[in-house]
Amino acid sequence: MSQAETGPQAGTAASRETAAPRDPAGPGDPAASRDPAGPGNPAGRPRNPLWTLGLLRSEITTLLRRHRTFALLGVLAAVPVLIGIAVRIETGGGGGGSGGPDGGAGPAFLAQVTNNGLFLVFAALAATLPVFLPMAVGVVAGDAIAGEASSGTLRYLLVAPAGRTRLLLVKYASVLAFCLVATLVVAASALAVGALLFPVGEVTTISGTRISFGEGLVRAALTALVVAVSLTGFAALGLFVSTLTGSGIGAMAATVGLLITVQILGSIPQLSGVHPYLFAHYWPSFADVLREPVHWDDLIKNFQLQGLYVAVFGSAAWARFTAKDITA
């Protein structure tokens, strides 16, 4: 196990880089009026922005070094491999995709994989977005604050001091970084497997037009970016849940439970009136990137909805965290 997960002394890299934590000095102690942002910087003055960047870098580094993170990324990378092998076995490797582009996400992409391995990128993203990708994000987001509290390092981070608002922003930024990394892992794995098992070349869009392979790669990268942005609202929701409890496991379970609940609600036709307000409703809009020209209507609605979730639950997380009594 890595040091980031072995006990209260581990915490984040930021807590390991600071001096050994102790109770704040008394009013007569000169150390009480100093700030770790730099020597001679009185408390209350603005900290060096580079200190914030260092805290963010340490947080992201620690997150990506955890065994749990490797396990999550490994599972995500395995999904395109399984899809590619299944399609290869089913078709015998020939260009036998019988379905044509019809505007649907998963089925249309799968039907084209045997003709062009690049379509495995879109098929893999379509397969992982409903459950696997957001579940991985939910685990990381739910553990962001609650995990520090349960391991006993949250109080030490604030004594450092990092500042509650600053720490919350750094935690959310690290979750967003994981969203991007996880999506790129799926896309890169699918691209490698698709190129290995199937032919590659010009890309037939789901509008029926053909574009060059190079432009197809650009569309694939743009699709991965859209998928990562689509997860930002759920990440903010998970961060808010993480501020409500001191149990990392409890926060992760609650966040994943909310994901499952929303997916169930989105599948009930009688609740169609609330579907446009569910964070997952416009996730399939990433398929519009592979149209010619790109259809932006649902993509813009998706971005607006994610922005609304970030604003609402980000503000709720800030209000909760800044008023929370930190005892661990």
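If you're wondering where the values come from, they're calculated on a predicted model, not measured in any experiment.

A word on helix H11 (residues 248-266)
Thinking step 1. With 19 residues, H11 should reach 27 Å at 1.5 Å per residue; the first-to-last C-alpha distance of 27 Å fits that figure.
Thinking step 2. Along H11, the residues classified as buried are Gly 248, Ala 251, Met 252, Thr 255, Val 256, Leu 259 and Val 262. Take H11 and look down its axis: the buried residues cluster within an arc of 125°, on one side only. Away from its buried face by more than 90 degrees, H11 exposes Ile 249 and Ala 253.
Thinking step 3. Where the residues of H11 are buried, they touch helix H3 (67-91), helix H6 (132-151) and helix H10 (232-243).

Comments concerning the packing of H10 against helix H12 (residues 297-323)
Each packed pair of helices is defined by two parameters, the angle between the axes and the distance between the axes.
Thinking step 1. The geometry of H10 relative to H12 is characterised by a closest axis approach of 8 Å and an angle of 15° between their N-to-C directions. Classified by the interaxial angle, the pair formed by H10 and H12 is roughly parallel. Pair H10 / H12 crosses with left-handed handedness. The residues of H12 that touch H10, namely those facing Thr 232, Gly 233, Phe 234, Ala 236, Leu 237, Leu 239, Phe 240 and Thr 243, are Gln 306, Tyr 309, Val 310, Phe 313, Gly 314, Ala 316, Ala 317, Arg 320 and Phe 321.
Thinking step 2. Within the contact of H10 with H12, the residues separate by chemical class into eleven nonpolar, five polar and one charged.

A short note on the pattern of salt bridges
Thinking step 1. Inspection of every chain in the model, using the stated rule, returns seven salt bridges.
Thinking step 2. Close ionic contact of Arg 219 with Glu 215 constitutes a salt bridge, the shortest N to O distance being 3.1 Å. Taken together, the positions of Arg 219 and Glu 215, both in helix H9 (residues 213-230) and four residues apart, correspond to about one turn of that helix.
Thinking step 3. The closest approach of N and O atoms between Arg 291 and Asp 288, which form a salt bridge, is 2.8 Å.
Thinking step 4. Overlapping salt bridges, with partners in common, bring together Arg 66, Arg 68 and Asp 143 in one network.

Some points on the confidence of the model for the protein
Thinking step 1. For the protein, the mean per-residue pLDDT works out to 80, and 75% of the residues sit at or above 70.
Thinking step 2. Note that pLDDT drops below 50 for residues 1-46; the model gives that stretch 66 contacts with residues more than four away or on any other chain.

Some remarks on the packing of aromatic side chains
Thinking step 1. The full count for this structure, using the stated rule, is six aromatic pairs.
Thinking step 2. Here the aromatic cluster, defined as three or more aromatic residues joined through ring pairs, consists of Phe 234, Phe 240, Phe 279, Trp 283, Tyr 309 and Phe 313.

So, helix H5 (residues 119-128)
Thinking step 1. The buried fraction of H5 amounts to nine of the ten residues, a majority that puts the element mostly inside the structure.
Thinking step 2. Those residues of H5 that fall on the buried side of the exposure criterion are Phe 119, Leu 120, Val 121, Phe 122, Ala 123, Ala 124, Leu 125, Ala 126 and Thr 128.

Some points on the nonpolar core
Thinking step 1. In this structure, Phe 109, Val 137, Phe 178, Phe 279, Trp 283 and Phe 286 are the most contacted members of the largest nonpolar core, which totals 74 residues.
Thinking step 2. Looking at this core, the element that brings in the most residues is helix H8 (residues 164-197), giving eleven residues.
Thinking step 3. Excluding its chain neighbours within four sequence positions, the residues that come into contact with Phe 178 are Leu 63, Thr 69, Leu 72, Leu 73, Ala 136, Val 137 and Val 140.

About the cut-offs
Residues numbered from 1 in each chain as written. Predicted model: local features only at pLDDT ≥ 70, side-chain atom pairs only at ≥ 80, totals over all residues. Heavy atoms only, no water. Helix = DSSP H or I, 4+ residues; strand = E, 2+ residues; numbered from the N terminus. Expected span 1.5 Å × (residues − 1). Buried < 20%, exposed > 50% of the residue type's maximum accessible area, 1.4 Å probe, protein only. Arc of directions from axis to C-beta. Contact = heavy atoms within 4.5 Å. Axes fitted to C-alpha atoms, helices over the stretch in contact; angles between N-to-C directions. Parallel < 35°, antiparallel > 145°, perpendicular 65-115°, else oblique. Left-handed = near helix turned anticlockwise from the far one by under 90°. Nonpolar A, V, L, I, M, F, W, Y, C, P; charged D, E, K, R; others polar. Salt bridge = Lys/Arg side-chain N within 4 Å of Asp/Glu carboxyl O. pLDDT = per-residue confidence, 0-100. Phe/Tyr/Trp six-rings, centres within 6.5 Å; stacked < 30°, edge-to-face > 60°. Core = buried A, V, L, I, M, F, W, Y, C linked by side-chain atoms within 4.5 Å.

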